[in-house]
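Single-letter residue listing:
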Amino acid sequence: MATKNLLLVGTRKGAFILESDADRRDWTVSEPLCEGWPIHDMSVDPRTGAILAAGGSTWYGPAIWRSTDLGKTWSHSSEGLTYGDDGPRIPTIWNVTASNGSIYAGVEPAGLFRSDDDGASWTHVKGLREHPSTPGWQPGNGGLILHTISPHATDTNRMWVGISAVGVFETRDGGETWTTRNKGVRADFHPDIYPEFGQCVHKMYSAAGEPETLYQQNHCGVYRSDNGGESWDEITPGLPSQFGFPAVGHPRDADTMWIIPMNGDDRGRFMPDHEGQVWKTTDRGASWSRKSNGLPQEDAYMTVLREAMAVDRNDSVGVYFGTSGGEVWASTDEGETWHEIAAHLPTVWSVEAHVVEA
Amino acid sequence: VPGLRNRIVDAGPVLREHLNVFVAGQRADLSTTVRAGETVHIIPAVSGGAA
């Protein structure tokens, strides 16, 4: 059976699909899809195989795009994706995640929507914005955005979301009520550096095979929780910087993750020492190793944003990232060596890997 | 056309900020009446898009 590897790349000017065979060496690049709309996130609905793309046009507003033929043709909808005529306007969508027969969308200003009809129509998951902390929510540099949706792998009533700069919330009742999950996470920019909320989570995920194990890259460090977010332990020591955006986990090993530290929030947000590097742990953050083989080691002013890193599910896991300079890099050996697979794209906002059995 | 309203109208309801709508050649808003036979232009404004 032939395997086709797709890389779904959301950019500031359209979605792109990169395609390779099982070797993952040589990739073709599609034309800009989704009519060149700004696309913040792309993902695959595992139930239907549909490719989803989330974003918003300055002219036409927010929408979730959907393709059932691997990107050849697209439809889109934002029906119901509103806080109502009296509510704040929604300019764009930052995350789309399919789970358990539903599709979830995280929007700006921060809120969660659900579709139970494959994205044709959307319903506001109101409980989150009814949390008592809502009046105190403050935006991060990217706005007040719900950018991370991490469903619990086995308990369909549970889900974690990440909001900048508010923090992590969990629901255990299918979205009716939500609880802050920020204990132990620093907010260095607050008078009280351990507030109940106000933390600037950048990316978070629930680990493969261990849904109660969470990892997050925060504005102020990297953290792991072993209890579903009830408390967090900092795992920053060993890294060159506490600041970074993406965090991705191994598809079969909860102990292994990859991140890309940036040189700090006020120094340009480049890879440290302007040298290309990805950092990996295989022991839950107890130790870290620098992976730079194949990445440029001089004058590399590279920035990788929160959604612009991904792993595939091949036996030797592929790791991918896209840069704000429009490059896409790949490793087919779990981060040990890297090669560039695309350049000259618009600013990359998101990368997602999709392995298709033809 | 299903979904067309969402592309043109934002919460409020108001016409989206970076779209211009003309009825019979005159700038229009959501209160404008369209009479039979009149032409409606919906034109993306030069203020939208990304550099």
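The structure contained in this document is the topic of the report that follows. All of these numbers come straight from a predicted model, not from anything done at the bench.

## Digging into the overall build of chain A
Counting its secondary structure elements, chain A contains zero helices and 28 strands. Over its C-alpha trace chain A gives a radius of gyration of 19 Å, about what one expects of a compact globule, namely 21 Å for 358 residues. Along the three orthogonal principal directions, the C-alpha set of chain A runs to about 50 × 45 × 35 Å. Per-residue burial over chain A gives 59% buried out of 358 residues. Contacts in chain A between residues far apart in sequence, at least 24 positions, make up 50% of those at least 6 positions apart. When the accessible area of chain A is evaluated, it comes to approximately 13,700 Å², of which 46% is carbon and sulfur surface. Here chain A contributes 28 positive and 49 negative side-chain charges, whose respective centroids are spaced 1 Å apart.

## Section: the overall build of chain B
For chain B, the helix and strand inventory stands at one helix and five strands. Counting from the amino terminus, helix and strand elements in chain B follow one another as α-β-β-β-β-β. Structurally, chain B occupies a C-alpha span of about 40 × 20 × 20 Å along its principal axes. In chain B, which comprises 51 residues, the share counted as buried stands at 27%. Sequence-distant contacts, at least 24 apart, represent 20% of the contacts inside chain B between residues at least 6 apart. When the accessible area of chain B is evaluated, it comes to approximately 3,400 Å², of which 55% is carbon and sulfur surface. For chain B, the centre of its 5 positive side-chain charges and the centre of its 4 negative side-chain charges are spaced 4 Å apart.

## Examining the pattern of salt bridges
Residues and elements named next belong to chain A. A full pass over the atoms with the stated rule returns 22 salt bridges over all chains. Taking the shortest distance from any N to any O, the salt bridge between R172 and E230 comes out at 3.2 Å. Taken together, the residues R172 in the loop between β14 (167-171) and β15 (179-180) and E230 in the loop between β18 (221-225) and β19 (233-234) connect sequence positions 58 residues apart. With relative accessibility at 41%, the residue E230 sits in the partly exposed group.

## Section: the sheet that holds strand β6 (residues 61-67) of chain A
All names here are of chain A. Pairing is antiparallel in the open sheet, where four strands are placed in the order β4-β5-β6-β7. The open sheet terminates on both sides in strands that have one partner only, identified here as β4 (39-44) and β7 (75-77). Across this sheet, the average inter-strand angle for adjacent strands is 25°, counted without regard to direction. Relative to strand β5 (residues 51-57), β4 runs antiparallel, the two being bridged by five bridges. In the sheet register, V44 faces β5, and the bridge partner there is I51.

## With respect to the packing of aromatic side chains
Pairs of aromatic rings are described using the distance from one ring centre to the other and the angle between the two planes. Residues and elements named next belong to chain A. For the coordinates displayed, the defined rule picks out 10 aromatic pairs over all chains. The interplanar angle of 85° and the centroid separation of 5.1 Å between the aromatic rings of W37 and W65 together place this pair among those described as edge-to-face. Of this pair, W37 sits in the loop between β3 (28-29) and β4 while W65 sits in strand β6; the two residues are 28 residues apart in sequence, bridging distant segments of the chain. No difference in accessibility class separates W37 from W65, as the two residues are buried. With 5.6 Å between their ring centres and 45° between their planes, Y83 and F113 make a pair best called tilted. Of this pair, Y83 sits in the loop between β7 and β8 (92-99) while F113 is found in strand β10 (residues 111-115), placing the two residues 30 residues apart along the sequence. Neither residue differs from the other here; Y83 and F113 are each classed as buried. Aromatic rings pair up to connect W37, W59, Y60 and W65 into one cluster. A cation over a ring is seen here: R129 above Y83, with NZ or CZ 4.3 Å from the ring centre.

## Focus: the sheet that holds strand β20 (residues 244-249) of chain A
All names here are of chain A. Read from one edge to the other, the open sheet built from four strands follows the order β20-β21-β22-β23, with strand pairing classed as antiparallel. Two strands in the sheet have a free side with no partner beyond their single neighbour: β20 and β23 (289-291). Across the sheet, the axes of successive neighbouring strands diverge by a mean angle of 30°, strand direction being ignored. The sheet contact formed by strand β22 (residues 278-281) and β23 spans three bridges and is antiparallel. By the bridge assignment, W279 is partnered in β23 with R290.

## Quick word on the side chain of H219 of chain A
Counting through the fold element by element, H219 of chain A comes out in the loop between β17 (210-218) and β18. Reaching out from H219 of chain A, the side chain makes a polar contact with the side chain of D265 of chain A at a distance of 2.7 Å.

## Observations regarding the interface of chain B and chain A
At the junction of the two partners, chain B supplies 16 residues and chain A supplies 17 residues. Here chain B packs against chain A, burying approximately 1,400 Å² in sum over the two surfaces, 47% of which is carbon and sulfur. Of all residues in chain B, the largest losses of buried area upon contact with chain A belong to N6, R7 and A11 of chain B, amounting jointly to 36% of the total for that side. Taken together, chain B and chain A are joined by zero salt bridges. Taken together, the connections running from chain B to chain A amount to 11 residue pairs in polar contact (both at pLDDT 80 or more).

Reading guide: rules and limits
Residues numbered from 1 in each chain as written. Chains lettered and ligands numbered in written order. Predicted model: local features only at pLDDT ≥ 70, side-chain atom pairs only at ≥ 80, totals over all residues. Heavy atoms only, no water. Helix = DSSP H or I, 4+ residues; strand = E, 2+ residues; numbered from the N terminus. Rg over C-alpha atoms; globule rule 2.2 N^0.38 Å. Buried < 20%, exposed > 50% of the residue type's maximum accessible area, 1.4 Å probe, protein only. Contact = heavy atoms within 4.5 Å. Areas by Shrake-Rupley, 256 points an atom, 1.4 Å probe, with all protein chains shown as cover. Lys, Arg positive; Asp, Glu negative; His and termini not counted. Charge placed at Lys NZ, Arg CZ, Asp CG, Glu CD. Salt bridge = Lys/Arg side-chain N within 4 Å of Asp/Glu carboxyl O. Pairing = 2+ DSSP bridges. Axes fitted to C-alpha atoms, helices over the stretch in contact; angles between N-to-C directions. Phe/Tyr/Trp six-rings, centres within 6.5 Å; stacked < 30°, edge-to-face > 60°. Lys NZ or Arg CZ within 6 Å of the ring centre and 35° of its normal. Polar contact = N/O pair within 3.5 Å; in protein donor to acceptor, adjacent residues only side chain to side chain. Buried area = accessible area lost by both parts, 1.4 Å probe.

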